[in-house]
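Structure assessment
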Amino acid sequence: MSTLGQGDPESSSRGVLGTMNGTWILDKRRGAPSMRGYLETMGVTELAIEAHEKGESEHDTISIIEFDDEHFKIKKMSRVTDLGLELKLGQEFRQTLPGDRVKTVLATSDNPGQSVRIISRMPTMNGVATVVDTKTLQREDNILVLVQTLVLKNERSGKEHTTVRYFVPHQGEIGPAAVTAKGTGLKLCR
């Protein structure tokens, strides 16, 4: 896969719909862009949730995606996140975290370039959570829209929360990640 870059999501290489390849920006006016319910279900403190909400309201959330028949690669940038993730489709990745805790991630796709399902199982502040992150490309009038549906289940409490966020194509400059952003450059394939 090539290096992640800037520019419009591709609209020609996969037929009429196009592909997710390109740069996307969170549309804060649609869906439920707040991560509050997600973070509450994870057991994050109120103070941290408020800081996250402030950061997301003041700064854009950008995703740069490269997606082909074998790999899904994303760079997420916001006030609170600077995360790179590269996954080989169908291959589970296991990461050992401090305290011998294990995080697993598996990406699958029935339609590479247009939809992906990423299942993560990870330790949280209060147990273990399973996250199903589904990204689906759709066309609304003359614009491509990337719809992200996050379904989080806290295994200990049994609480579940669904967040739906919409991303639209982004053109122009992307500034550096905020100094407050936390990142992990995970390379999860090969």
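Located above this text is the structure these notes cover.
Reference entry: report on the structure contained in this document. (Residues numbered from 1 in each chain as written. Predicted model: local features only at pLDDT ≥ 70, side-chain atom pairs only at ≥ 80, totals over all residues. Heavy atoms only, no water.)

Some points on unusual backbone geometry
Backbone geometry at Asp 100 places phi at a positive 55°, although glycine is not the residue there. Classification of Asp 100 as exposed rests on a relative accessible area of 68%. Non-glycine residue Asp 141 carries a positive phi angle of around 55°. Looking at where Asp 141 falls in the secondary structure, it is placed in the loop between strand S8 (127-140) and strand S9 (143-154). A relative accessible area of 75% means that Asp 141 is categorised as exposed. (Buried < 20%, exposed > 50% of the residue type's maximum accessible area, 1.4 Å probe, protein only. Helix = DSSP H or I, 4+ residues; strand = E, 2+ residues; numbered from the N terminus.)

Topic: helix H2 (residues 46-58)
If you check H2, its first and last C-alpha atoms are 18 Å apart, about what 13 residues at 1.5 Å a residue would give, namely 18 Å. All of the buried residues along H2 are Ile 49, His 52, Gly 55 and Glu 56. Down the axis of H2, the buried set is contained in an arc of 125°. They therefore lie on one face. Relative to its buried face, H2 has exposed residues pointing more than 90 degrees away, namely Leu 47 and Ser 57. Where H2 is buried, its residues touch helix H1 (36-42) and strand S10 (160-169). (Expected span 1.5 Å × (residues − 1). Arc of directions from axis to C-beta. Contact = heavy atoms within 4.5 Å.)

Digging into the environment of Gly 113
Take Gly 113: it is sitting in the loop between strand S6 (101-111) and strand S7 (115-124). Remark: the alpha-carbon pair of Gly 113 and Thr 19, spanning 94 residues in sequence, is separated by 4.7 Å. Beyond its immediate chain neighbours, meaning those up to four positions away, Gly 113 contacts Gly 18, Thr 19, Met 20, Phe 67 and Leu 137.

A few points about the packing of aromatic side chains
Each aromatic ring pair is summarised here by two numbers: the centre-to-centre distance and the angle between the ring planes. This model, assessed by the stated rule, comprises 1 aromatic pair. A centroid spacing of 5.1 Å and a plane angle of 90° characterise the contact between Phe 67 and Phe 72, whose relative ring orientation is edge-to-face. Its end group placed over the ring of Tyr 166, Arg 30 keeps NZ or CZ at 4.1 Å from the ring centre. (Phe/Tyr/Trp six-rings, centres within 6.5 Å; stacked < 30°, edge-to-face > 60°. Lys NZ or Arg CZ within 6 Å of the ring centre and 35° of its normal.)

Concerning the pattern of salt bridges
Side chains carrying opposite charge are able to pair once their charged atoms draw close together. Summed over all chains, the structure comprises 10 salt bridges. Here Lys 54 and Glu 58 are joined by a salt bridge, their closest N and O atoms 2.7 Å apart. Taken together, the residues Lys 54 and Glu 58, both in helix H2 and 4 residues apart, mark about one turn of the helix. Looking at Lys 54, the relative accessible area reads 48%, which means it is partly exposed. (Salt bridge = Lys/Arg side-chain N within 4 Å of Asp/Glu carboxyl O.)

What to know about the nonpolar core
A general feature of soluble globular proteins is that nonpolar side chains tend to end up buried together. Ranked by size, the top nonpolar core spans 18 residues in total, and within it Met 20, Trp 24, Ile 65, Phe 67, Phe 72, Val 116 and Ile 118 carry the most contacts. Contributions of two or more residues to this core are made by strand S1 (22-26), strand S2 (62-67), strand S3 (71-77), strand S4 (82-88), S6, S7 and S9. Met 35, Leu 39, Ala 129 and Leu 152 belong to the second-largest nonpolar core, a separate cluster that totals 10 residues. (Core = buried A, V, L, I, M, F, W, Y, C linked by side-chain atoms within 4.5 Å.)

Description of the environment of Gln 91
Looking at the element boundaries, Gln 91 is found in the loop between S4 and strand S5 (93-97). The exposure class of Gln 91 is partly exposed, given its relative accessible area of 32%. Between the alpha carbons of Gln 91 and Thr 108 there is a distance of 8.4 Å; along the sequence they are 17 residues apart. Not counting residues up to four positions away in its chain, the partners in contact with Gln 91 are Val 105 and Leu 106.

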